[in-house]
Amino acid sequence: MFSLRTVCKTYPNGTQALDNITADIAPGEFVALLGPSGCGKSTLLRLLAGLEPPSSGEIIWENNQRPAAGDIGFVFQDATLMPWLTAADNVYLPLRLRGIPKAEAAAKIQTMLTQMGLADFARAKPKALSGGMRMRVSIARALVSEPMLLLMDEPFAALDEFTRHRLQDDLHALWRRTGKTIIFVTHSIYEAAYLASRIIIMSPRPGRIAGDIRTAIPEGEDRRTSPAYVNLVAEVTHMLREVMPHE
Amino acid sequence: MNKWLERLAPAAFGIIALSVWQAAVTLGGVPSYVVPGPIDIWQAYLDGYAILNPALLSTLTVTFAALAVATAVGVALAVAMAASRLFRAAVQPWAVMLQVTPIVAIAPLIILWVPQPFIALVVCASIIAFFPILSNTAAGLAATPQDLQDLFRLNGASRWQVLFLLSLPSALPNFLTGLRISGTLALVGAVVAEFVAGSGGFASGLAYRIIEASYRLEIPRMFAALVMLGITGILIYAALGLLERFLLNSRDS
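A few points on the structure. (Residues numbered from 1 in each chain as written. Chains lettered and ligands numbered in written order. Predicted model: local features only at pLDDT ≥ 70, side-chain atom pairs only at ≥ 80, totals over all residues.)

Focus: the nonpolar core
So, point 1. Residues L33, V91, A140, L151 and F184 of chain A are the most contacted members of the largest nonpolar core, which totals 75 residues.
So, point 2. Inspection of this core shows a minimum of three residues originating in each of domain 1 (9-67 + 148-247) and domain 2 (84-147) of chain A.
So, point 3. Leaving out residues up to four positions away in the same chain, F184 of chain A has contacts with F30, V31, A32, L33, M152, L195 and A196 of chain A.
So, point 4. Judged by nonpolar contacts, the second largest core, of 53 residues, contains A66, L77, L176 and M222 of chain B. (Core = buried A, V, L, I, M, F, W, Y, C linked by C-beta atoms within 7 Å. Buried ≥ 20, exposed ≤ 12 C-beta atoms within 10 Å, placed from the backbone. Domains from an automatic or database assignment. Contact = placed C-beta atoms within 7 Å.)

Here is the structure:
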C-alpha cells in the first residue's frame, strides 16, 4: 500500500521525533505501532495522514496514488464528535464536506451506525452517549467515506477495560470482514497482540523502529487466552524491555 | 429548604433594605428633595409614568439597536481576526484602545460628527458594547479543537466549511457569554450617550429625564428613573442568560 523510506521528523524546537523510519505496509495489513510515549508513533500517523510533512525521507504510495480527501479515515484518542450534532450527523460529516446531499447519504450513514451497533442511537447527541458509544460513532465517521487506509491514534486508551475489550473485538471482526488496511497506535502490549496482524515496535527519543513482528494467533473465541497469544505477549514484552531506556 | 431560602434571599434583602430606608427618612425627617423614601419614589413614578415609560422605551430602542450593531461588528471582527494573523495584529491594539478610552470622552465628538441624534447615540453605545462580544468570540474561535480541524482538513474541507460548520458553532457558548456582558454595557452606553447629548440629542430617553428632573429638583422622579434603569439592566442580563441556557441546552441535548 505504501512504503516509508528513511523518514525523519525534527520539530522546529529541535525535538527529533522520528529517525530513519523505513517500512513497507501491504494492503489489508492490520499494523499496530507499539511503543512507550515519546517514540513518535503519533507523529508517524500524522505524517501518513498528510497533516505534517516529513523533514526528510519520503512516503511512497502504491501506484503513486497520494490519498485524496476522504481516502484516509482518522480516529483520534478522544471521540472528537461535534456536541451539537446527532450521532447520524456526526457520521455524515465527511460526506457533507464533499457536498453529498443528506438524503443520498442517509442509507450509508444508517449502515455505518448499524455496523457499529448504534442502529437505535442515530438521533442521539454525543452528551447522551457513553464513552464507548461515542468512540463507535467516531469509528463509523472514519469509515463512512470508505477510506483505503484507517489510521487510529490510541482510540481505546481512555475507555474502561470491559468497553475496550468489546470495541477491540468489534474492530478486529470489522477488519477480518472488510480487509481494510489499518494502522493502529497503542502503548498496550495486550492490545497490539490481540488486534494486529503485524506489530511494529518503536523505541523512544528519537523514535526508531526496534522490532517488526508478524503475528499468527488462531482466530476464534479464545483468542485472548490462546497459548499463541500469551507467547506473543511474552515475546513483545522482552523486545520492549531491551529497547526501553533505563530511567 | 436551603435552596428555597436562597431563592427568597434577594427579595427579602430588598424588602428589609427598603423598610430601613423608609424608616430612616421618615423618622429622621429628611426632606424628599434631599433623599426621598421608597414611598415617595413610587408616588413619583405613578405621577410621571406617562413620561417615564416612553422614555424607557426610547432608551431601550437605542440599547437594542446598539446591541445588534455590536454583535454584527464584534462577530465580524472576531472572524476576520481568526482568519488572518496580520489583521489580528493590525486591529487588536486599536480595539483595546477604543475599549479603554472612556466613552464620556468620545461621546461629544460623535454627537458633533453624526448629525442624526438616534444614530449618534447608537454609535456611542455600540462602542462600549462591542468589545466583550469581540474578545469572547475571538477566544472561542481560537479554541476550536485541533483534532476536529485536522479531521476537516483530511476530508478536504474549504475554509468556509471550517468556519461555518466547525469554528462558529464551537464558539457559540463564548459568543453568548460575551453577548450577556454586552447587553448590560449597551444600556450603560445608551445612558451615557444620552447624558452627554443632553437636550442636543434625542431628548426623550431616561437619562434625559434624569437630567431634566435634577434641574427641576424633582429628586423623587430622578430616583424613579434610576430604579427603572437598574431593573431594566437586571432584566436584560437575566433574559440573555436564559437565552444562553436555552440555546445551548436545546442544541447539545
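Things to note about the packing of helix α2 (residues 87-97) of chain A against helix α4 (residues 131-143) of chain A
Helices that pack against each other are described as a pair by the angle of their axes relative to one another and the distance between those axes.
Residue and element names in this part refer to chain A.
So, point 1. For the pair α2 and α4, interaxial distance at closest approach is 7 Å and the crossing angle is 30°. On the basis of the axis angle, α2 is roughly parallel to α4. The way α2 lies across α4 gives a crossing that is right-handed. For the pair α2 and α4, the contacting residues are A87, N90, V91, L93 and P94 in the first and V137, A140 and R141 in the second.
So, point 2. Here the residues of the contact of α2 with α4 sort into 6 nonpolar, 1 polar and 1 charged. (Axes fitted to C-alpha atoms, helices over the stretch in contact; angles between N-to-C directions. Helix = DSSP H or I, 4+ residues; strand = E, 2+ residues; numbered from the N terminus. Parallel < 35°, antiparallel > 145°, perpendicular 65-115°, else oblique. Left-handed = near helix turned anticlockwise from the far one by under 90°. Nonpolar A, V, L, I, M, F, W, Y, C, P; charged D, E, K, R; others polar.)

Considerations on the environment of T15 of chain A
Residues and elements named next belong to chain A.
So, point 1. Here T15 is to be found in the loop between β1 (2-10) and β2 (16-25).
So, point 2. Taking the number of C-beta atoms within 10 Å as the measure of exposure, T15 has 13 and is therefore partly exposed.
So, point 3. Put simply, T15 and P206 are 191 residues apart on the chain and 8.2 Å apart in space, counted from C-alpha to C-alpha.

Re the pairing of strand β8 (residues 198-203) of chain A
Residues and elements named next belong to chain A.
So, point 1. For β8, the tally of buried residues reaches 5 of 6 residues, placing the bulk of the element in the interior.
So, point 2. Summarising the sheet, strand β3 (residues 30-34) and β8 pair through 4 bridges and their orientation is parallel. Residue pairing across strands places V31 opposite R198, the latter belonging to β8.
So, point 3. Judged from the 6 bridges that link them, β8 and strand β9 (residues 208-214) form a sheet pairing that is antiparallel. The residue of β9 that forms the bridge with I200 is D212.
So, point 4. The turn linking β8 back onto β9 is made up of 4 residues, and R205 within it adopts a positive phi angle of 50°. (Pairing = 2+ DSSP bridges.)

Structural notes on the sheet that holds β1 of chain A
Residue and element names in this part refer to chain A.
So, point 1. Within the open sheet, the 3 strands sit side by side as β2-β1-β4. Their pairing is antiparallel. The outermost strands of the open sheet, each flanked by one partner alone, are β2 and β4 (56-61). Within the sheet, the average angular offset between the axes of one strand and its neighbour, ignoring direction, is 15°.
So, point 2. Sheet topology places β1 next to β2; 6 bridges connect them, and they run antiparallel.

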